[in-house]
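# Inside the fold
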Amino acid sequence: MKKTFFSLLLLISTICNSQEPEPGKVIPEYGKTYTIESPEFITDTSSVLKVVFDVDRSFDATKPNALIETAARFLNMHEKAGVDPENMKIALVLHGKSVNDVLLDEEYISKNPESSKNPNLPLIEALSKQGVEIILCGQSATHYQVSREDASEHVKFALSAMTALVQLQNNAYQLIKF
């Protein structure tokens, strides 16, 4: 009897405390986040947040790259916490196989026949509209045969990911690597 009561109490507690991620205001289509009530580590909403995301891989070719979507989550989460979007400076540096994620549909499909389109293009456009710099490693792009003509217009080619990462960090961008 006690076991059944305890199991029922645990189930009710889990259901009551579960939370669904919510869309943000900056990029509502991407980057859902959870609300964290009364965090002990207080978010500084007055400072400028300069961050560079190091994106070096892809996952399911039929879905947006979760590492790219992290930038949308960062924007939505911090805006929800009270940071002015003007105080967020974000860059993505794509290298390795993730360079294929910036390809226009025709080229993307030729490399990913299981896809009917590149699911990353709308995300990249939405990020770009919010001022996110999307930087592509020229070395990886050349290796994987990603040309400027075949890439999203919202992407900037760099000499290398190493160059872009060092320069951004020299300009006080903080590196986030997952």
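Now for a description of the structure that goes with this document.

Thresholds, definitions, all that
- Residues numbered from 1 in each chain as written.
- Predicted model: local features only at pLDDT ≥ 70, side-chain atom pairs only at ≥ 80, totals over all residues.
- Heavy atoms only, no water.
- Helix = DSSP H or I, 4+ residues; strand = E, 2+ residues; numbered from the N terminus.
- Buried < 20%, exposed > 50% of the residue type's maximum accessible area, 1.4 Å probe, protein only.
- Areas by Shrake-Rupley, 256 points an atom, 1.4 Å probe, with all protein chains shown as cover.
- Lys, Arg positive; Asp, Glu negative; His and termini not counted.
- Charge placed at Lys NZ, Arg CZ, Asp CG, Glu CD.
- Contact = heavy atoms within 4.5 Å.
- Polar contact = N/O pair within 3.5 Å; in protein donor to acceptor, adjacent residues only side chain to side chain.
- Core = buried A, V, L, I, M, F, W, Y, C linked by side-chain atoms within 4.5 Å.

Let us now look at the overall build of the chain. From N to C terminus, the chain includes six helices and five strands. Listing the helices and strands of the chain from first to last along the sequence gives α-β-α-β-α-α-β-α-β-α-β. The dimensions of the chain, computed from C-alpha atoms along their principal axes, are 65 × 45 × 25 Å. Going through the 178 residues of the chain one by one, you find that 38% of them count as buried. About 10,900 Å² of surface is accessible on the chain, with carbon and sulfur atoms providing 56% of the total. Side-chain charges in the chain split into 17 positive and 23 negative, and the spacing between the mean points of these groups amounts to 6 Å.

What follows deals with the environment of Asn-118. On the secondary structure map, Asn-118 appears in the loop between helix H3 (105-111) and helix H4 (121-129). Expressed as a C-alpha distance, the spacing of Asn-118 and Asn-100, which sit 18 residues apart in the sequence, is 9.4 Å. If we skip the residues at most four places from it in the chain, Asn-118 touches Asn-100, Asp-101, Val-102, Leu-103, Asp-105 and Tyr-108. Within the structure, the side chain of Asn-118 is placed 2.6 Å from the backbone oxygen of Leu-103, a separation counted as a polar contact.

What follows deals with the side chain of Asn-100. By the secondary structure assignment, Asn-100 is in the loop between strand E2 (88-94) and H3. Polar contacts involving the side chain of Asn-100 include one to the side chain of Lys-111, which spans 3.2 Å. Among residues more than four places away in sequence, those in contact with Asn-100 are Tyr-108, Lys-111, Asn-118, Tyr-144 and Val-146.

A few words now on the nonpolar core. In terms of nonpolar packing, the biggest core is built from 34 residues, with Leu-92 and Leu-127 touching the most fellow members. Breaking this core down by element, the ones donating at least two residues are strand E1 (49-55), helix H2 (66-80), E2, H4 and strand E3 (133-137). Here this core takes six residues from H2, the largest share from any one element. In this view, Leu-127 contacts Ile-27, Ile-68, Ala-71, Ala-72, Leu-75, Leu-92, Val-132 and Ile-134; residues no more than four positions away in its chain are not counted.

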